[in-house]
Amino acid sequence: MRLDAEPRMISQRPVEILGAGPAGLSAALTAARAGRPVTLYERRSEVGSRFHGDLQGLENWTTPVDVLEELGTIGIQPTFDCAPISEGVFYDAAGRERVVRSGRPAFYLVRRGSADGTLDQSLKAQALSAGVSIRFREAPADFPNGVIRTPGPGRCDALDVGYVFDTEMADGVFAALSERLAPKGYAYLLISRGWGTVAVCLFDDYANAREYRERARDFFERRVGLTMRNPRAFGGTGNVLATPLTHCGNALYAGEAAGLQDALWGFGMRYALLSGHLAASAFVARTPRQYERSFRRRFAGFLRASVVNRFFYERLGDSGYARLLERIARAADAREWLRRFYAPRLWKTLWFPIARASVESARRRAEAGARAPALPATR
Ligand SMILES: Cc1cc2nc3c(=O)[nH]c(=O)nc-3n(C[C@H](O)[C@H](O)[C@H](O)COP(=O)(O)OP(=O)(O)OC[C@H]3O[C@@H](n4cnc5c(N)ncnc54)[C@H](O)[C@@H]3O)c2cc1C
């Protein structure tokens, strides 16, 4: 079947989906609730196996509507552990502290991985109860009847390394913008209900990832009294600069495989969940061009804006990071500030080609300088 030809389908043929991450599980839920049998293939032995129990932020600033409300409208219930975050403490390279606050949550802390309470397990339970069949350890190559592909990042141009741990520390969100701790990225410490994640998100110098991880650990030990019980090292990669791809031949793409990532800081979960839903709606309705249109309307401007934001962010250096933090901290509402910062704008559209070329060549230089063993498996 060629989806781009919008052909006829036998209505009860299973919808096949490749990859059981947030995008694939969201797509599976949508297709199953539309009354279609669904087969979801996952090459690993469990959902969330790409992750390690690390805390991640489900961003809530790109739209005025709350992300959990938006997920509700596409049939995803927040049955995962989820902590609203309206305050965080940020540090610049000189160690100056700034408290950032918002009226409504700027993001929700969720846990990723295979354990109970994770986003991944919650989505799996919702998919199974909607009748989705999940086939683990299977990664078929041929889908003559069409497929929704959601296999996650295709290449590594952002690297996250850190520790997950148990702790007696109080809940809190801390981050540091400093070239010494995380070149062109950021270091972060997240604590929620006795569980913690300390990590660096790097966009350069991947070869020294472990060194940055230790510096971040040391920094948060000194600044906020980080204490870890039973720390376990983890790492993961992202693809923040992929070219957006909605369909190819008989396949629709969603999530990070569709090029949906926030090039500035790597907040890709919300895009994955929404795009999975949009792809499945179009697949079931046999309107792939509708998917292309909704993709463009909902995501394209944000993707371009995030590349332009990254272009300027990479030029800030430590003094620029400090000024940026100052502005966020001085804002009456950090969520609103971030919403404007992330919003598509005409001037960003005009800057996009230059920004994209420049950021892409910086990434290639960073990849060329990385020793392969420093990079964990891509997916
Ligand atoms: C360490 C780390 C921290 C992050 N922090 C944040 C954060 O704080 N906030 C945020 O919004 N985002 C964050 N992200 C990004 C976010 O996790 C991703 O954008 C999101 O998981 C993408 O979802 P996805 O469904 O597209 O892909 P994935 O989550 O990668 O899922 C893809 C699935 O497909 C499976 N698969 C791959 N190939 C095949 C195949 N051939 N056949 C069958 N199955 C296959 C994989 O095993 C995997 O289970 C982080 C990423 C990392 C690595």
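Predicted, not measured: the structure shown is a model, and the values here were computed from it. (Residues numbered from 1 in each chain as written. Predicted model: local features only at pLDDT ≥ 70, side-chain atom pairs only at ≥ 80, totals over all residues. Heavy atoms only, no water.)

Focus on the sheet that holds strand β3 (residues 55-59)
Here comes step 1: Pairing is antiparallel in the open sheet, where three strands are placed in the order β3-β7-β4. Either end of the sheet is taken by a strand with one partner, and the two such strands are β3 and β4 (82-85). Averaged over all neighbouring strand pairs, the angle between strand axes comes to 30°, with direction disregarded.
Here comes step 2: Here helix α5 (residues 269-285) sits on the sheet and contacts β3 and β7 (107-111); the angle it forms with β3, its principal contact strand, is near 60°. (Pairing = 2+ DSSP bridges. Helix = DSSP H or I, 4+ residues; strand = E, 2+ residues; numbered from the N terminus. Axes fitted to C-alpha atoms, helices over the stretch in contact; angles between N-to-C directions. Contact = heavy atoms within 4.5 Å.)

Quick word on the layout of surface pockets
Here comes step 1: The computed volume of the second largest pocket comes to approximately 400 Å³.
Here comes step 2: Along its surface, the second largest pocket is lined by 14 residues, and F312, L324, R327, W337 and F341 are the ones closest to its centre.
Here comes step 3: If you list the elements that add at least two residues to the lining of the second largest pocket, you get α6 (288-313), α7 (317-330), α8 (334-342) and α9 (346-369).
Here comes step 4: The dominant element in the lining of the second largest pocket, judged by the number of residues it contributes, is α7, at four residues.
Here comes step 5: Split into classes, the residues belonging to the lining of the second largest pocket amount to seven nonpolar, two polar and five charged. (1 Å grid on protein atoms, 1.4 Å probe; cavity = no way out; pocket = protein on both sides within 12 Å on 5 of 7 lines; lining within 4 Å. Points joined across faces, edges and corners; volume = space filled by probe spheres on them. Nonpolar A, V, L, I, M, F, W, Y, C, P; charged D, E, K, R; others polar.)

Some thoughts on helix α1 (residues 22-33)
Here comes step 1: Spanning 12 residues, α1 covers 16 Å between terminal C-alpha atoms, matching the ideal 16 Å at 1.5 Å per step.
Here comes step 2: Where burial is concerned, most of α1 is hidden: 11 out of the 12 residues are buried.
Here comes step 3: Of the surrounding secondary structure, the elements contacted by the buried residues of α1 are β1 (15-18), β2 (38-42), α3 (119-129), β8 (133-136), β9 (147-149) and α5.
Here comes step 4: Positive backbone phi, approximately 95°, marks G35, located one or two places after α1. (Expected span 1.5 Å × (residues − 1). Buried < 20%, exposed > 50% of the residue type's maximum accessible area, 1.4 Å probe, protein only.)

Let's talk about the packing of α1 against α5
Here comes step 1: In the contact formed by α1 and α5, the axes pass within 7 Å of each other and the chain directions differ by 40°. Viewed along their axes, α1 and α5 adopt a mutual orientation that is oblique. Seen along the crossing, α1 lies across α5 with a hand that is right-handed. In contact with P22, A23, S26, A27, T30 and A31 of α1, α5 contributes A272, L273, G276, H277, A280, S281 and V284.
Here comes step 2: For the contact of α1 with α5, the per-class residue count stands at eight nonpolar, five polar and no charged. (Parallel < 35°, antiparallel > 145°, perpendicular 65-115°, else oblique. Left-handed = near helix turned anticlockwise from the far one by under 90°.)

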